[in-house]
Amino acid sequence: MSKAKIGFIGLGLMGGAMVGRLQDLGYALTVLGNSDRSQLDIAISRGAQEARTAKAVAEASDIVMMCMGTSEHVESRMRGADGVIAGLRPGAVVVDFGTSLPSSSRALALEVAAAGGQFLDAPLGRTPSHAKDGLLNIMASGDKAAFDKVEPVLQDQGENVFYLGAVGSGHTIKLINNFFGMTIANAMAEAFAMADVAGVDRSQLYDVMAAGPLHSGMMGFVKAYGVDGDPSQLAFAIKNAAKDVGYYARMAEEAGVDSLMSKGPLAALNEARDAGQADDMVSQMVDFYVQRFRS
């Protein structure tokens, strides 16, 4: 059976790696990028066709994949005269790999269905290096028939592909996951800064904490910078963490509940972002807390 024709919108580091994986496996791609053309030009040099609009991507594709930064970015590419919805083929499936608001996904799913297509939210876990090798964690939700249709392609991209139920469930679980991870990361970052204030060794603090039930991969990522000076172990920027925890808080608000635990990490991430650390990695929140304790 011939491979599905895939459209891909959003070729940043993650999207570019995902497109490279699909090209390695022989998929034909139509692509649309943003201001940074580095990954886009690589894909084109390997045979991808560049589209001028999101509508043109949809017109050429059985599956339209999107890997973008915010719900607003996704909505802007989906709607309007030049948007994906305007160019959808009958029965086409749209897959949002970004981390978006569940309420936005549910609204877009209805609009896609009205246009004769199907919509899946499928946020990602792991890094661009995993994407290059088809080892992502993919948290898909939406119409089960649509998932079944595209699952072989998702399996080509992910080591662990989850089907999580009704549309929006994938983004809900991703936001809860990222809230939890960023809460741990901020707690560990502050712990190292507090060790400085209290006059104890950061490495010794970590060794004691890691010897007990507190030990986690996220603690180790922050330790890689806080003790070893390597911020690359957690390749996730502070500005993106602030966005995700902010979306988690907004999701809670839309559900009619008050999230207590998200307030501290969100305030710290927003403050660090606005103070010039937007592009620093999350492990570098150690520096934010150090500076804050000195002021």
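Throughout what follows, the structure given in this document is the object of discussion. (Residues numbered from 1 in each chain as written. Predicted model: local features only at pLDDT ≥ 70, side-chain atom pairs only at ≥ 80, totals over all residues. Heavy atoms only, no water.)

### Concerning the overall build of the chain
Link 1 in the chain: Regarding its fold elements, the chain presents 14 helices and nine strands.
Link 2 in the chain: Compactness check: the chain gives a C-alpha radius of gyration of 20 Å against a globular reference of 19 Å for 295 residues, within 12% of the reference.
Link 3 in the chain: The principal-axis extent of the C-alpha atoms belonging to the chain is close to 65 × 45 × 35 Å.
Link 4 in the chain: Scored against the burial criterion, the 295 residues of the chain give a buried share of 49%.
Link 5 in the chain: Sequence separation of at least 24 residues holds for 66% of the intrachain contacts in the chain that already meet a minimum separation of 6.
Link 6 in the chain: About 13300 Å² of surface is accessible on the chain, with carbon and sulfur atoms providing 54% of the total.
Link 7 in the chain: Charge centroids of the chain, computed over 25 positive and 33 negative side chains, lie 5 Å from each other. (Helix = DSSP H or I, 4+ residues; strand = E, 2+ residues; numbered from the N terminus. Rg over C-alpha atoms; globule rule 2.2 N^0.38 Å. Buried < 20%, exposed > 50% of the residue type's maximum accessible area, 1.4 Å probe, protein only. Contact = heavy atoms within 4.5 Å. Areas by Shrake-Rupley, 256 points an atom, 1.4 Å probe, with all protein chains shown as cover. Lys, Arg positive; Asp, Glu negative; His and termini not counted. Charge placed at Lys NZ, Arg CZ, Asp CG, Glu CD.)

### Quick word on the nonpolar core
For soluble globular proteins, the rule of thumb is that nonpolar side chains tend to be buried together.
Link 1 in the chain: F8, M18, L29, M65 and F97 are the most contacted members of the largest nonpolar core, which has 33 residues in total.
Link 2 in the chain: Breaking this core down by element, the ones donating at least two residues are β1 (6–9), α1 (13–24), β2 (29–32), α2 (38–45), β4 (63–66), β5 (93–96), β8 (136–142) and α8 (144–157).
Link 3 in the chain: Those residues in contact with M65 that sit more than four places away from it in its chain are I6, G7, F8, I9, L22, V95, F97, V153 and Q157.
Link 4 in the chain: By size, the runner-up hydrophobic cluster in this structure holds 27 residues, among which are M188, M218, Y225 and M285. (Core = buried A, V, L, I, M, F, W, Y, C linked by side-chain atoms within 4.5 Å.)

### Some words on the layout of surface pockets
Link 1 in the chain: Size it by volume and the largest pocket reaches roughly 1600 Å³.
Link 2 in the chain: M14, R126, A235, F236 and N240 are the residues nearest the centre of the largest pocket, which is lined by 47 residues in total.
Link 3 in the chain: Broken down by element, the residue count for the lining of the largest pocket peaks at seven residues, all from helix α9 (residues 169–198).
Link 4 in the chain: Residues belonging to the lining of the largest pocket are distributed by class as follows: 19 nonpolar, 22 polar and six charged.
Link 5 in the chain: Considered as a void within the structure, the second largest pocket measures approximately 280 Å³ in volume.
Link 6 in the chain: The element contributing the most residues to the lining of the second largest pocket is α8, with four residues.
Link 7 in the chain: Taken together, the residues of the lining of the second largest pocket break down into 10 nonpolar, three polar and four charged. (1 Å grid on protein atoms, 1.4 Å probe; cavity = no way out; pocket = protein on both sides within 12 Å on 5 of 7 lines; lining within 4 Å. Points joined across faces, edges and corners; volume = space filled by probe spheres on them. Nonpolar A, V, L, I, M, F, W, Y, C, P; charged D, E, K, R; others polar.)

### Section: helix α11 (residues 217–226)
Link 1 in the chain: Every buried residue belonging to α11 is among M218, M219, V222, A224, Y225 and G226, and all of these are buried.
Link 2 in the chain: As for α11, its buried residues are in contact with α9, α10 (202–210) and α14 (285–294).

### Thoughts on the pairing of strand β6 (residues 118–121)
Link 1 in the chain: Pairing geometry for β5 and β6, over four bridges, is parallel. Among the inter-strand pairings, D96 is bridged to a residue of β6, identified as D121.
Link 2 in the chain: Handedness of the β5-helix α6 (residues 102–114)-β6 crossover: right-handed.
Link 3 in the chain: The sheet contact formed by β6 and β8 spans two bridges and is antiparallel. (Pairing = 2+ DSSP bridges. Right-handed = clockwise from strand over helix to strand, strands pointing away.)

### Focus: the pairing of β1
Link 1 in the chain: Here β1 shows a buried face lined by I6 and F8 and a second buried face lined by G7 and I9.
Link 2 in the chain: When β1 meets β2, the two strands line up parallel, connected through four bridges. Across the sheet, I6 pairs through a bridge with L29, a residue of β2.
Link 3 in the chain: Taken together, β1, α1 and β2 form a β-α-β motif whose crossover is right-handed.
Link 4 in the chain: The pairing of β1 with β4 spans four bridges and is classified as parallel. Residue pairing for β4: I6 is matched across the bridge by I63.

### Points about α8
Link 1 in the chain: Under the 1.5 Å per step criterion, the end-to-end length of α8 is 19 Å for 14 residues, consistent within 8% with the ideal 20 Å.
Link 2 in the chain: Along its length, α8 shows its largest kink, about 55 degrees, at E151, and proline P152 lies within four residues downstream of that point.
Link 3 in the chain: What α8 keeps buried is the set A146, F147, V150, V153, L154 and Q157.
Link 4 in the chain: The backbone nitrogen of A145 lies 3.0 Å from a side-chain oxygen of the residue at the head of α8, namely D143. (Expected span 1.5 Å × (residues − 1). Bend = angle between axes of the 7 residues up to and from the residue. Polar contact = N/O pair within 3.5 Å; in protein donor to acceptor, adjacent residues only side chain to side chain.)

By themselves, these observations are geometric and do not establish any function.
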